Amino acid sequence: GAGVSQSPSNKVTEKGKDVELRCDPISGHTALYWYRQSLGQGLEFLIYFQGNSAPDKSGLPSDRFSAERTGGSVSTLTIQRTQQEDSAVYLCASSNRNRGGNGYTFGSGTRLTVV
Amino acid sequence: GIQVEQSPPDLILQEGANSTLRCNFSDSVNNLQWFHQNPWGQLINLFYIPSGTKQNGRLSATTVATERYSLLYISSSQTTDSGVYFCAVFLYNFNKFYFGSGTKLNVKP
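Our subject in this report is the structure included herewith. All values derive from a computational prediction rather than experimental measurement. (Residues numbered from 1 in each chain as written. Chains lettered and ligands numbered in written order. Predicted model: local features only at pLDDT ≥ 70, side-chain atom pairs only at ≥ 80, totals over all residues. Heavy atoms only, no water.)

### Focus: the sheet that holds strand β6 (residues 65–69) of chain A
All names here are of chain A.
- With antiparallel pairing, four strands are arranged side by side in an open sheet as β1-β3-β7-β6. Edge positions in the sheet fall to β1 (5–7) and β6, since each of these pairs with one other strand and no more. Within this sheet the neighbouring strands show an average axis-to-axis angle of 15°, counted without direction.
- In this structure, β1 lies alongside strand β3 (residues 19–24), joined through three bridges in antiparallel fashion. Its bridge partner lying in β3, serine 7 is registered against arginine 22. (Pairing = 2+ DSSP bridges. Helix = DSSP H or I, 4+ residues; strand = E, 2+ residues; numbered from the N terminus. Axes fitted to C-alpha atoms, helices over the stretch in contact; angles between N-to-C directions.)

Structure (structure tokens):
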């Protein structure tokens, strides 16, 4: 596609439920990143995928968080047993070169609210 | 990791005024980007600028990598410039961007 597409754009869920957030990167981009932005804060790195390499999961805050990337394209971020502190905007970005050499393009994000 | 500090944290301008936003970083970096997050939360790439100077309309950016800082200049500001400006630096060793905490800009008509 022309840009990085994320869905849903907004998600309200009850505490304890599982949620899945989707990211469709720019076609041909091999690198994909997930970041999280809590209210009034900067961006926090979550996970990085590069081609067929093992992902860098060092930013995932707990084992309730997981992500996969199927076929080197679409990625899904799953949060199990959601907590109120998970409320944030989840942003996905992709890059057409290894290590973000030409910069990132971000999607519009998914705003997650856990009530 | 690396520390990325942005200043000022908040800025209020009258429409038409100029401003300079600063980004300091604590170590050598491989890449640097400036982003604008508009009031709707969209994060828009402004400049990819690991070094040197670039200009795009009323905006320009300069990165002096050897002195570990970057500047974003906004001239003749408009209300649509309002939002949060983020600086992010990229390190090959860590394969990720590190973001500053942003400068929140409010341009008043």
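### A few points about the packing of aromatic side chains
- In total, this model carries 11 aromatic pairs over all chains according to the counting rule given.
- Ring plane angle 75° and centroid distance 5.3 Å describe the contact between tyrosine 35 of chain A and phenylalanine 99 of chain B, whose orientation is recorded as edge-to-face. In this pair, tyrosine 35 of chain A is assigned in strand β4 (residues 31–37) and phenylalanine 99 of chain B in strand β10 (residues 96–99), connecting two distinct chains.
- Judged by relative accessible area, which is 0%, tyrosine 35 of chain A ranks as buried.
- For the pair phenylalanine 106 of chain A and phenylalanine 35 of chain B, a centre-to-centre distance of 5.2 Å together with 90° between the ring planes defines the contact as edge-to-face. With one member in each of two chains, phenylalanine 106 of chain A in strand β9 (residues 105–106) and phenylalanine 35 of chain B in strand β4 (residues 31–37) form a pair that bridges those chains.
- Look at phenylalanine 106 of chain A and you get buried, because its relative accessible area is 8%.
- Residue classification places phenylalanine 35 of chain B among the buried residues on the basis of a relative accessible area of 0%.
- Clustering of aromatic rings is evident, with ring pairs tying together Tyr33, Tyr35, Phe45, Tyr48 and Phe106 of chain A together with Phe35, Phe86, Phe90, Phe97 and Phe99 of chain B.
- Stacked on the ring of tyrosine 69 of chain B, the Lys or Arg arginine 22 of chain B has its end atom at 4.3 Å from the ring centre. (Phe/Tyr/Trp six-rings, centres within 6.5 Å; stacked < 30°, edge-to-face > 60°. Buried < 20%, exposed > 50% of the residue type's maximum accessible area, 1.4 Å probe, protein only. Lys NZ or Arg CZ within 6 Å of the ring centre and 35° of its normal.)

### Remarks on the nonpolar core
- Within the largest apolar cluster, 24 residues are counted, with the highest numbers of intra-cluster contacts made by Ile2, Trp34, Leu72 and Val89 of chain B.
- Contributing elements (two or more residues each) for this core: β2 (10–14), β3 (19–25), β4, β5 (43–48), β7 (59–64), β8 (69–74), β9 (83–91) and β11 (103–108) of chain B.
- No other element matches β9 of chain B, which puts four residues into this core.
- Residues Leu21, Ile26, Ala88 and Leu112 of chain A belong to the second largest nonpolar core, which totals 20 residues. (Core = buried A, V, L, I, M, F, W, Y, C linked by side-chain atoms within 4.5 Å.)

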